[in-house]
Amino acid sequence: MLVLFFSAITMKRFLLLFLLPGLFAGAAYAQSEFIKGYIIKNDGTLTEGQIKYISKDFTPKECTFRWFDISQGFSFRAGDIEAFGFTYGVRYKTVTVRGNKIFMACLAEGEVDLMYDGSTMYLDGDGLRMTPLNKRPGTVTFNGKSVTFSDYKDLLLKLDPENRLLTAGDLHLRPEEIKKVVEALNLALDAQVELFATSNPSGVFEEMRNMGAYMDSYGIIAGTNASRYDSEKAPGQSEFLPEMYFFEPAPVVGIFYNRPLSRARDNLAVGAEVMVFKTNVYLYDERSDYKGISRSDINMGYMGIKVPLYLQIRLLKGRFHPIINAGGFVMFNSGTYYTREGEIESALHVVKPFTDNSIVLTKKMVGAMAGIGIKQELNPRQFLYIEARAEIGSGIYEWETLRQKTVSLNLFVGFDFK
């Protein structure tokens, strides 16, 4: 009991040691970042300066502008200015939706604008008045004429009176595809058109990372480890060996660290983890021989400190992307124990109890691991991920002539503090 108490205290201190740097890192990220941008006043005047960074929001509530690093910031809401944007990033324009003025991302600006709120695209300008692009029919006014359409494809074709738009039959409601069509529509109408990005540059973080900073990534990991210990005696061996046919689950917590191998690309990284879990296994064994019936209650367990080392491959880019991990691990076991209490019932029904603690559990295990998961970026510095992992390693018993292995299945959730 005293050993378990001190083990719990040690684990709490261990986790606290690594949680504190993460909390400070999160607080540091909460500070505002400004990157190069501009505002457009209601009279059409463009003023360049710095805009408070926006990561993923397509309908921000306000714009915070300043001229340079140490100048005072000014906040504008929709209607106070016509538009604002980031250099090489998204432009946000003031639009009216259901009688309310809001900022919304503008992907193309001309006689006909293409607006995007993160889920739905809209056409605005020349009487269209924020017409949503979807598969529903409707009627709009364009160039003083009423246009009735069956869906977004039909609408885009009918807006060009000379059918000069290159709208293929398999056109999808994707911002990059629709943006090209709206560009062609404005050109067909002899109107100037300007296109804008669908995402913002990563600001100071990306610039610092390209110089080698912020390459390291670390966070916490938690989940479930389920292990099964397979073993088989060599022919001729007569010693008792417990048999396990199931996976014993145990909660696991730990920390992780990874680092991309390249500054320019992070699709390949090296990673390491330190995970702690405690497992307790109960086995019941009953067998018959010439001596009678033998029944055994077996209890064994340990506290494992597992250290996986692996390569991580990111398959796709974007906010959600799959990951693959492959590598090896070493695990150190402390507090190991094995007890076997049983009885032998003879043919005359005479019962004799016995105790056999001859089997010893190993203090160290090694093996290989592979996993697949999906990662969600919360912002340029932080992410969540979930991973399913399989491991195969050396056996649990300290028994040289025994053929054995450990098979483990894991499900983890991790949070990166960056």
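Before going into details, it helps to say that this report is about the structure given with it. Just so it is clear, the structure is predicted and the values come from calculations on it, not from any experiment. (Residues numbered from 1 in each chain as written. Predicted model: local features only at pLDDT ≥ 70, side-chain atom pairs only at ≥ 80, totals over all residues. Heavy atoms only, no water.)

### Description of the overall build of the chain
The condition that has to hold: Helix and strand assignments follow DSSP, with helices taken as H or I runs no shorter than four residues and strands as E runs no shorter than two, numbered in order from the N terminus. Note on areas: Shrake-Rupley with a 1.4 Å probe; residue coverage comes only from the protein chains shown.
When helices and strands are tallied, the chain shows four helices and 22 strands. Summing over all exposed atoms, the chain offers an accessible surface of approximately 22800 Å²; the carbon and sulfur share of this is 58%.

### Re the pattern of salt bridges
How we decide: A pairing counts as a salt bridge when a side-chain nitrogen of Lys or Arg comes within 4 Å of a carboxyl oxygen of Asp or Glu. The cut-offs for exposure are 20% and 50% of the maximum accessible area for each residue type, with area from a 1.4 Å probe on protein chains only; residues under the lower value are buried, those over the upper are exposed, and the others partly exposed.
A full pass over the atoms with the stated rule returns 17 salt bridges. Where Glu-109 meets Arg-91, a salt bridge forms, and the shortest distance between an N and an O atom there is 2.5 Å. Here Arg-91 lies in strand 6 (residues 91-97) and Glu-109 lies in strand 7 (residues 100-109), a separation of 18 residues in the sequence. We note that Glu-109, like Arg-91, is buried. Across the pair Lys-158 and Asp-154 runs a salt bridge, and its minimum N-O distance is 3.2 Å. Of this pair, Lys-158 and Asp-154 both sit in helix 2 (residues 152-158), separated by four residues, roughly a single helical turn. Owing to a relative accessible area of 44%, Lys-158 belongs among the partly exposed residues under this scheme.

### Quick notes on helix 3 (residues 175-188)
Counted only if it meets this: Here the expected span of a helix is defined as 1.5 Å times the quantity of residues minus one. When checking whether two residues touch, look at their non-hydrogen atoms; a contact exists if any pair is within 4.5 Å.
Over its 14 residues, helix 3 extends 20 Å from the first C-alpha to the last, a length consistent with the 20 Å expected when each residue adds 1.5 Å. Residues Pro-175, Ile-178, Lys-179, Val-181, Val-182, Leu-185, Asn-186 and Ala-188 constitute the buried set of helix 3. Here the buried face of helix 3 lies against strand 7, strand 8 (113-116), strand 9 (121-124), helix 2 and strand 13 (194-195). At the exit of helix 3 stands Asp-190, carrying a positive phi of roughly 60°.

### Some words on a nonpolar patch on the surface
Worth spelling out the cut-off: Within this analysis, patches are made of residues with over 30% relative accessible area and no salt bridge. Like charges are joined at 9 Å or less; nonpolar side chains (Val, Leu, Ile, Met, Phe, Trp, Tyr) at 5 Å or less.
A contiguous nonpolar patch, built from Leu-261, Leu-268, Val-270, Leu-311, Ile-313, Leu-315, Leu-316, Ile-324 and Ile-372 and spanning about 750 Å² of accessible area, is present on the exposed surface. Residue assignment for the nonpolar patch shows that the elements contributing at least two residues are strand 16 (268-289) and strand 17 (292-314). By secondary structure assignment, the location of Leu-316 is in the loop between strand 17 and strand 18 (320-345). You can call Leu-316 exposed: its relative accessible area is 51%.

### Things to note about the packing of aromatic side chains
Put simply, the rule reads: A pair of Phe, Tyr and Trp rings is counted when the ring centres sit within 6.5 Å of each other, with Trp represented by its six-membered ring. The angle between the planes then sorts it: under 30 degrees is stacked, over 60 is edge-to-face, the rest tilted. In this scheme, the term charge over a ring applies when either NZ of a lysine or CZ of an arginine sits within 6 Å of the ring centre and within 35 degrees of the ring normal.
By the definition in use, this model includes 10 aromatic pairs. Centre to centre, the rings of Phe-58 and Tyr-116 are 4.9 Å apart; their planes meet at 65°, and the pair counts as edge-to-face. Of the two residues, Phe-58 is situated in the loop between strand 2 (46-52) and strand 3 (62-66) and Tyr-116 in strand 8; the sequence distance between them amounts to 58 residues. Residue classification places Tyr-116 among the buried residues on the basis of a relative accessible area of 12%. Taken together, the aromatic side chains of Phe-65, Trp-67 and Phe-74 make up a single cluster linked through ring pairs. Between Lys-306 and the ring centre of Phe-329, over which it is positioned, the NZ or CZ distance is 5.2 Å. Positioned above the aromatic ring of Phe-240 is the side chain of Arg-340, whose terminal nitrogen or guanidinium carbon lies 3.5 Å from the ring centre.

### Considering the pairing of strand 2
Sheet faces and side chains relate simply in a regular strand, where the side chains alternate between the two faces. Note the following rule: A strand pair is defined by DSSP finding two or more bridges across the two strands.
Pairing geometry for strand 1 (residues 34-40) and strand 2, over seven bridges, is antiparallel. In the strand pairing of strand 2, Ile-39 is matched with Thr-47. Linking strand 1 to strand 2, which pair antiparallel, is a turn of five residues; within it Gly-44 sits at a positive phi near 90°. One ladder, built from two bridges, connects strand 2 with strand 3; its direction is antiparallel. Each bridged residue has a counterpart across the sheet, and for Ile-51 the counterpart in strand 3 is Phe-65.

### A look at unusual backbone geometry
Of note in this structure, Tyr-88 is not a glycine but carries a positive phi near 65°. Its relative accessible area of 78% is what places Tyr-88 among the exposed residues. Of note in this structure, Asn-143 is not a glycine but carries a positive phi near 55°. Relative to the elements of secondary structure, Asn-143 occurs in the loop between strand 11 (138-142) and strand 12 (145-149). Taking relative accessible area as the criterion, Asn-143 reaches 43% and is therefore assigned partly exposed.

### A few points about the environment of Met-303
Tracing the backbone through its elements, the reader meets Met-303 in strand 17. For Met-303, a relative accessible area of 12% translates into the label buried. In this structure the C-alpha to C-alpha distance between Met-303 and Asn-280, which are 23 residues apart in sequence, comes to 9.0 Å.

### What about the side chain of Asp-416?
As a reminder, the rule being used: Here a polar contact is recorded for every N or O atom pair within 3.5 Å, except that within protein the pair must consist of a potential hydrogen donor and a potential acceptor, and residues adjacent in sequence are included only if both atoms are side-chain atoms.
Within the secondary structure, Asp-416 sits in strand 22 (residues 403-416). Under the relative-accessibility criterion, Asp-416 is labelled buried at 0%. A distance of 3.2 Å separates the side chain of Asp-416 from the backbone nitrogen of Tyr-218, its partner in a polar contact.

### A few points about the nonpolar core
What tends to happen in soluble globular proteins is that the nonpolar side chains get buried as a cluster. Put simply, the rule is: Take the buried Ala, Val, Leu, Ile, Met, Phe, Trp, Tyr and Cys residues and link them wherever side-chain atoms come within 4.5 Å; each set so joined is a nonpolar core.
If you look at the biggest cluster of nonpolar residues, it comprises 31 residues, and the most contacted ones within it are Tyr-229, Met-300, Tyr-338 and Tyr-397. For this core, the secondary-structure elements that each account for two or more residues are strand 14 (217-232), strand 15 (248-260), strand 16, strand 17, strand 18, strand 20 (364-379) and strand 21 (382-393). Discounting chain neighbours no more than four positions away, the residues touching Tyr-397 are Ser-231, Leu-241, Pro-242, Met-300, Ile-359, Val-360, Leu-361, Thr-362, Leu-402 and Gln-404. Leu-128, Val-147, Leu-156 and Val-181 belong to the second-largest nonpolar core, a separate cluster that totals 23 residues.

### Notes on the pairing of strand 5 (residues 83-86)
Here strand 5 shows no split at all, with Ala-83 and Gly-85 on one side and Phe-84 and Phe-86 on the other all buried. Sheet analysis places strand 1 next to strand 5, joined by four bridges and oriented antiparallel. The residue bridging Ile-39 from the neighbouring strand is Phe-84, located in strand 5. Where strand 5 and strand 6 come together, three bridges link them in antiparallel fashion. Its bridge partner lying in strand 6, Gly-85 is registered against Arg-91. Where strand 5 folds back onto strand 6 in an antiparallel hairpin, the turn is made up of four residues, including Tyr-88, whose phi is positive at roughly 65°.

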